[in-house]
Amino acid sequence: MSEEEPNRPRDADERFERVRVGHVLRTEPHPDAAGRSGADADPDAAEVLAWCTCLLWRSRLPWPAHEHRRAFDEHLTRVRRAVRVLPADLVDGRFAYLPCVDEGAALAVAATWIDLGSARSRLFLDGTGVVIAFADVQFPTEIALWALRNDHADPSAAYLLHALEYAARQRPPQ
């Protein structure tokens, strides 16, 4: 719900490539997989935890790394959408994509929270989702909690809340 002109596709692609450097899939051995047979024979079958270096996507499911790739690719799709929606001055900051149940729900979230942002914490409507640029993790957390309580957010928004909680622990407020 911003007044900014939408980004041209080429500009958005160039900005996505710049932002993409901060979104790398990382893994570590899953703590519940220790001692299971089969993982020693085939290292590609070892169960791992996976996360993005942005800290806003994580998976604790005990899957091999290649199984986490599909969910990580979905995260990158949301990052690409966010880059197309955000104004240039907010792309290099922190942002999250809040999936909503439909366009009406996304509009309700945007209408409720649009005036509660600041220069560095704002939200933008994107079809059936809302892109939230933020300086402090509290802003997107409050929006996601409100949206879930009011049945506006897609149930997968619970994963965003867990990731925001984790990011808050990893990056204390400045």
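The structure displayed is predicted, hence computed values, not measured ones. (Residues numbered from 1 in each chain as written. Predicted model: local features only at pLDDT ≥ 70, side-chain atom pairs only at ≥ 80, totals over all residues. Heavy atoms only, no water.)

For the rest of this paragraph, the subject is the overall build of the protein chain. Tallying secondary structure elements over the protein chain gives six helices and six strands in all. Listed N to C, the secondary structure of the protein chain is α-β-β-β-α-α-β-α-β-β-α-α in terms of helices and strands. Buried residues in the protein chain amount to 37% of all 174 residues. Of the contacts formed within the protein chain by residues at least 6 apart in sequence, a portion of 60% connects residues at least 24 apart. Total accessible area on the protein chain is roughly 10000 Å²; 51% of this is exposed by carbon and sulfur atoms. (Helix = DSSP H or I, 4+ residues; strand = E, 2+ residues; numbered from the N terminus. Buried < 20%, exposed > 50% of the residue type's maximum accessible area, 1.4 Å probe, protein only. Contact = heavy atoms within 4.5 Å. Areas by Shrake-Rupley, 256 points an atom, 1.4 Å probe, with all protein chains shown as cover.)

Moving on, we come to the nonpolar core. The biggest cluster of nonpolar side chains holds 32 residues, and the ones touching the most others in it are L98, V109, L123, V130 and I143. Apart from residues no more than four positions distant in its own chain, L123 is found in contact with A110, W113, I114, V130, V131, I132, F139 and I143. Counting residues in hydrophobic clusters, the runner-up holds 13 residues, among them F16, V91, V131 and A133. (Core = buried A, V, L, I, M, F, W, Y, C linked by side-chain atoms within 4.5 Å.)

Before going further, it helps to spend a moment on the pattern of salt bridges. Any two side chains of opposite charge can pair, so long as their charged atoms come close to each other. Evaluation of the coordinates by the stated rule reveals seven salt bridges. Of the charged contacts in the structure, one is a salt bridge between D73 and R69, with a shortest N-O distance of 3.4 Å. Placement of the pair is D73 and R69 together in helix α2 (residues 65-85), with a separation of four residues, close to one helical turn. Here D126 makes a salt bridge to R81, at a shortest N to O gap of 2.8 Å. Of this pair, D126 sits in strand β5 (residues 122-126) while R81 sits in helix α2; the two residues are 45 residues apart in sequence, bridging distant segments of the chain. A residue is classified by how much of its surface remains accessible, and D126, at 13% relative accessible area, is buried. A relative accessible area of 34% means that R81 is categorised as partly exposed. Linked through salt bridges whose partners overlap, the residues forming this network are D13, R80 and R84. (Salt bridge = Lys/Arg side-chain N within 4 Å of Asp/Glu carboxyl O.)

Spatially, three strands are ordered β1-β2-β3 in an open sheet, and the strand pairing comes out antiparallel. Since the sheet does not close on itself, it has two edges, and those belong to β1 (25-29) and β3 (58-64), each with one partner. Adjacent strand axes in the sheet meet at a mean angle of 30° when their direction is disregarded. Pairing of strand β2 (residues 47-52) with β3 involves four bridges; the strand directions are antiparallel. Following the sheet pairing, W51 is matched in β3 by R58. Each of β1, β2 and β3 touches α2; the most contacted strand, β3, lies at about 150° to it. (Pairing = 2+ DSSP bridges. Axes fitted to C-alpha atoms, helices over the stretch in contact; angles between N-to-C directions.)

In this section: the packing of aromatic side chains. Each pair of aromatic rings is reported with the distance of its centres and the angle of its planes. Enumeration over the complete set of coordinates arrives at three aromatic pairs. Centre to centre, the rings of W57 and F72 are 5.6 Å apart; their planes meet at 65°, and the pair counts as edge-to-face. Of this pair, W57 sits in the loop between β2 and β3 while F72 sits in helix α2; the two residues are 15 residues apart in sequence, bridging distant segments of the chain. Accessibility expressed as a relative area gives 11% for W57, which makes it buried. We classify F72 as buried; its relative accessible area is 0%. (Phe/Tyr/Trp six-rings, centres within 6.5 Å; stacked < 30°, edge-to-face > 60°.)

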